[in-house]
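# Breakdown of the fold
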Amino acid sequence: MKRFYTAMSPVTVLLYMASLSLATTSSSNFSDLSALLAFKSDIKTDPNNVLGSNWTEPGSFCNWVGVSCSRRRQRVTALNLTDMGLQGTISPYVGNLSSLVTLDLSNNSFYGHLIPEIGHLRRLKLLILQINLLEGVIPESVYHCQTLQVIALTQNKLRGVLPKYWLSNLTSLHSLYLGLNNFTGTIPPPLVNNSKLLYLGLDHNNLHGSIPDEIGNSKNLKILSLGANNLNGTIPSSIFNISSLQILALQFNSLSGTLPSTFGLQLPNLGELYLGGNQLSGSIPSYLSNCSQLTLLELSSNQFTGRVPTCLGHLENLQKLDLAVNQLENQPESLELSFLTDLTRCRSLKMLVISGNPFSSLLPDSFGNLSRSLQVFVAESCNIKGPIPKGIGSLINLNMFALSDNNLTGTIPSTIKGMKSLQRLHLDGNHLEQSIPTEICLLANLGEMALQKNNLSGPIPSCIGNLFNLQIMFMSSNQLSSSIPSSLWSLENLLFLNLSSNSLEG
């Protein structure tokens, strides 16, 4: 008598075993278990063997890693497998987890399309799939998840145009994160015309066109991130009336026009402003000082003109200020960069970048009174004149000091020894003269020293070998003389060395 055998797939075997172990349980629990096992079977890589070792335990699946259940009915309400290194596709059987409230598979390597079966999850509130490899378009079935509050799909490979009527269908949605994908087209006005919207992130896509005026109707918006797209036109004035805004990021687009003179009067909660890399012009509004919570102001690579407002010194919480590559000028009645004196009141300032502006002024003696918190100061190609202030030694936490390609004169002050944290010293392309001070050898953390294209003379300090962390040393095109100190060859971390166009021996 012949025997017949039917081959069963691994999923079928798992489901068959599950049916035996749940013979006395409800059909809904069996459906949840079946969905979880199907999900597991589509995982191709589990580097920590989390699912392999844990999702096979006898007993309730509610005890499995990443699975949460309701207390009474023991239905799966949350699947949270974030940051586990999982690789595979998302099983369509996930759509059978009908009580699911949270689906968080972020920071893994899930690939393939976003499954349309997600539309079956009518109780879903949090859909968090950011930092994966998902591709294709967002399925229309997502509209059926009318309880959704958060959609986070940032940093995938999703494409297509942005849905027009998401917010009208998903009336509970308050947070939408779609940045770092490949979305195209324009920003649909209905998408930004909703007072419930709190967080909108569409940055780093290929969106074009203008920012809809309707954005001003999102009266409760806290974060608006549209940077790194191809947006053009002017910034809608209504944006500057959204008093709840905490972060406004419009950098790296092709936005033009001027900022309203009243900018800041209606933004008491603004903490971070990113407008760099556009084509904005006109003056920097003085009312910015009313944004008392501002910690970051980024206006670089635009066409701003006029003076740097002295009132920026009233921003007591300011930590980062970037005004580089504009057409800003100094106060005409002052020979010094007077706004630097005003900024000494910003005691939390950590980064100050003003490169690429035609200031044509002196560094003030008050320069050393800048915040002790200052870590980065970059003022390259500003036509800064005169000596380096002796007060620089007070900036004990500064790790980058860059004044390349200016018109500095005088000597490198010996007080530089006080800059104990300095890692990068760029003074090249100036008119500095006399000898390199031996005090420079006390900067034990120095990794880059660029002094080329000056008028420095005398020997290279013999103590140069004390700079054990030095990787880059450029001193070419000076008037250095005498022998190259032997201690230089003991610098084991040195990668780049240029001493050409001097009068050195050895």
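About the criteria used
Residue indices begin from 1 for each chain and proceed along its sequence in written order. Whole-chain, interface and lining totals are the exception, using all residues; otherwise, since this is a predicted model, local features are given only for residues with pLDDT of at least 70 and side-chain atom pairs are given and counted only at 80 or more. Water and hydrogen atoms play no part in the side-chain values, which are based on all heavy atoms of the structure. Helix numbering and strand numbering both begin at the N terminus, where a helix is a DSSP run of H or I of at least 4 residues and a strand a DSSP run of E of at least 2. Accessible area is worked out with a 1.4 Å probe on protein chains only. A residue is then buried under 20% of its type maximum, exposed over 50%, and partly exposed in between. Per-residue and other accessible areas were derived by the Shrake-Rupley procedure at a 1.4 Å probe size, with only the shown protein chains allowed to occlude residues. Salt bridges are defined by distance alone: a side-chain nitrogen of Lys or Arg within 4 Å of a carboxyl oxygen of Asp or Glu. For two strands to be treated as a pair, DSSP must find at least two bridges joining them. The rule for a disulfide is simple: a pair of cysteine sulfur atoms within 2.5 Å. Buried and open spaces are told apart on a 1 Å grid over the protein atoms alone, a cavity being a set of points where a 1.4 Å probe fits but cannot get out and a pocket being an open set with protein on both sides within 12 Å along at least five of seven lines. Residues with an atom within 4 Å of a point are the lining residues. Grid points are joined across faces, edges and corners, and a volume is the space filled by probe spheres set on the points. Gly is placed with the polar residues, together with every amino acid not listed as nonpolar (Ala, Val, Leu, Ile, Met, Phe, Trp, Tyr, Cys and Pro) or charged (Asp, Glu, Lys and Arg). Confidence per residue, as judged by the predictor, is encoded in pLDDT with a range of 0 to 100. The contact criterion used throughout is that any non-hydrogen atoms of two residues lie within 4.5 Å. Polar contact is the term for a pair of N or O atoms within 3.5 Å; when the atoms are in protein, one must be able to donate a hydrogen and the other to accept it, and sequence-neighboring residues count only if both atoms are side-chain atoms. Joining through side-chain atoms within 4.5 Å is the link that ties buried Ala, Val, Leu, Ile, Met, Phe, Trp, Tyr and Cys residues into a set, and such a set is a nonpolar core.

## Topic: the overall build of the chain
Counting its secondary structure elements, the chain contains five helices and 37 strands. Structurally, the chain occupies a C-alpha span of about 105 × 60 × 35 Å along its principal axes. In the chain, which comprises 506 residues, the proportion classed as buried is 51%. Here the chain has roughly 22200 Å² of accessible surface; of this, 49% comes from carbon and sulfur atoms.

## A few points about the pattern of salt bridges
Throughout the structure, instances matching the rule amount to two salt bridges. The closest approach of N and O atoms between Asp32 and Arg75, which form a salt bridge, is 2.8 Å. Taken together, the residues Asp32 in helix α2 (residues 27-41) and Arg75 in the loop between β2 (67-69) and β3 (76-80) connect sequence positions 43 residues apart. Overall, the relative accessible area of 0% leaves Asp32 in the buried class. The partner of Asp342 in a salt bridge is Arg345, with the nearest N and O atoms 3.6 Å apart. Assessed through its relative accessible area of 16%, Asp342 is described here as buried.

## Some thoughts on unusual backbone geometry
One non-glycine residue, Ile131, lies in positive phi territory at about 55°. A positive phi angle is found at His204, which is not glycine, with a value near 55°.

## Observations concerning the sheet that holds strand β37 (residues 503-505)
Taken together, the four strands give an open sheet; going across it, the order is β31-β33-β35-β37, and neighbouring strands pair in parallel fashion. Every other strand in the sheet has two partners, leaving β31 (433-434) and β37 as the edge strands with one partner each.

## A few points about the state of the cysteines
Evaluation of the coordinates by the stated rule reveals two disulfides. Here Cys62 pairs with Cys69 through a disulfide, and the sulfurs are 2.1 Å apart. Between Cys62 and Cys69, the S-S torsion sits near -95°, and that sign places the bridge as left-handed. The residues Cys62 and Cys69 share a single accessibility class, namely buried. Between the sulfur of Cys441 and that of Cys463 lies a disulfide, 2.0 Å long from S to S. Between Cys441 and Cys463 the disulfide shows an S-S torsion of about 75°. By sign, it is right-handed. One end of the pair, Cys441, is in the loop between β31 and β32 (448-450); the other, Cys463, is in the loop between β33 (455-458) and β34 (472-474), and 22 residues separate them in sequence.

## Some words on the layout of surface pockets
In this structure, the second largest pocket encloses a volume near 160 Å³. Those elements that provide at least two residues to the lining of the second largest pocket are β13 (199-201), β15 (223-225) and β17 (247-249). Classifying every residue of the lining of the second largest pocket by side-chain character gives seven nonpolar, six polar and one charged.

## Quick notes on the pairing of strand β18 (residues 254-258)
Where strand β16 (residues 230-234) and β18 come together, three bridges link them in parallel fashion. Paired with Thr234 across the bridge in β18 is Ser256. Bridge count between β18 and strand β20 (residues 279-282): three bridges; the pairing is parallel. Pairing of Ser256 across the sheet is with Gln279, part of β20.

## Quick word on the confidence of the model for the chain
Counting all residues, the mean pLDDT for the chain is 92, and 94% of those residues have values of 70 or more. Of the regions scoring below 50 in pLDDT, residues 1-25 engages in 13 contacts with residues more than four places distant in sequence or in other chains.

## What about the side chain of Asn108?
Among the secondary structure elements, Asn108 is positioned in the loop between β5 (102-104) and β6 (109-113). Within the structure, the side chain of Asn108 is placed 3.1 Å from the backbone oxygen of Ser106, a separation counted as a polar contact. Setting aside chain neighbours within four positions, we find Asn108 in contact with Leu81, Thr82, Asp83, Met84, Gly85, Leu86, Ile131 and Asn132.

## With respect to the nonpolar core
Residues Phe39, Leu103, Leu352, Phe377, Phe401, Met449 and Met473 are the most contacted members of the largest nonpolar core, which totals 143 residues. At the level of elements, α2, α3 (50-54), β2, β3, α4 (166-169) and α5 (338-343) are the ones that each hand at least two residues to this core. Sort the elements by how many residues they give to this core and α2 lands first, with five residues. Not counting the four nearest positions on each side in its chain, Leu103 is found in contact with Leu79, Val94, Ile118, Leu124, Leu126, Leu127, Ile128 and Leu129. Val353, Val376, Val378 and Met400 belong to the second largest nonpolar core, which has six residues in total.

## A closer look at the side chain of Asn357
With respect to the helices and strands, the residue Asn357 is situated in the loop between β25 (351-353) and β26 (376-378). Taking the relative accessible area as the measure of exposure, Asn357 reaches 1% and is therefore buried. Among the polar contacts listed, one links the side chain of Asn357 to the backbone oxygen of Leu323, at a separation of 3.0 Å. The contacts of Asn357, once residues within four sequence positions are left out, are Leu323, Ala324, Val325, Asn326, Gln327, Leu328, Ser381 and Cys382.

## A word on the pairing of strand β22 (residues 303-307)
Relative to β22, β20 runs parallel, the two being bridged by two bridges. The residue of β22 that forms the bridge with Gly282 is Phe304. Across three bridges, the pairing between β22 and strand β24 (residues 327-329) is parallel. Bridge assignment links Arg307 to a residue of β24, and that residue is Glu329.

## Re the environment of Gln87
Residue position: Gln87 is located in strand β4 (residues 87-89). It is 6.6 Å that separates the C-alpha atoms of Gln87 and Asn108, two residues lying 21 residues apart in sequence. Setting aside chain neighbours within four positions, we find Gln87 in contact with Asp42, Ile43, Lys44, Thr45, Ser109 and Tyr111.

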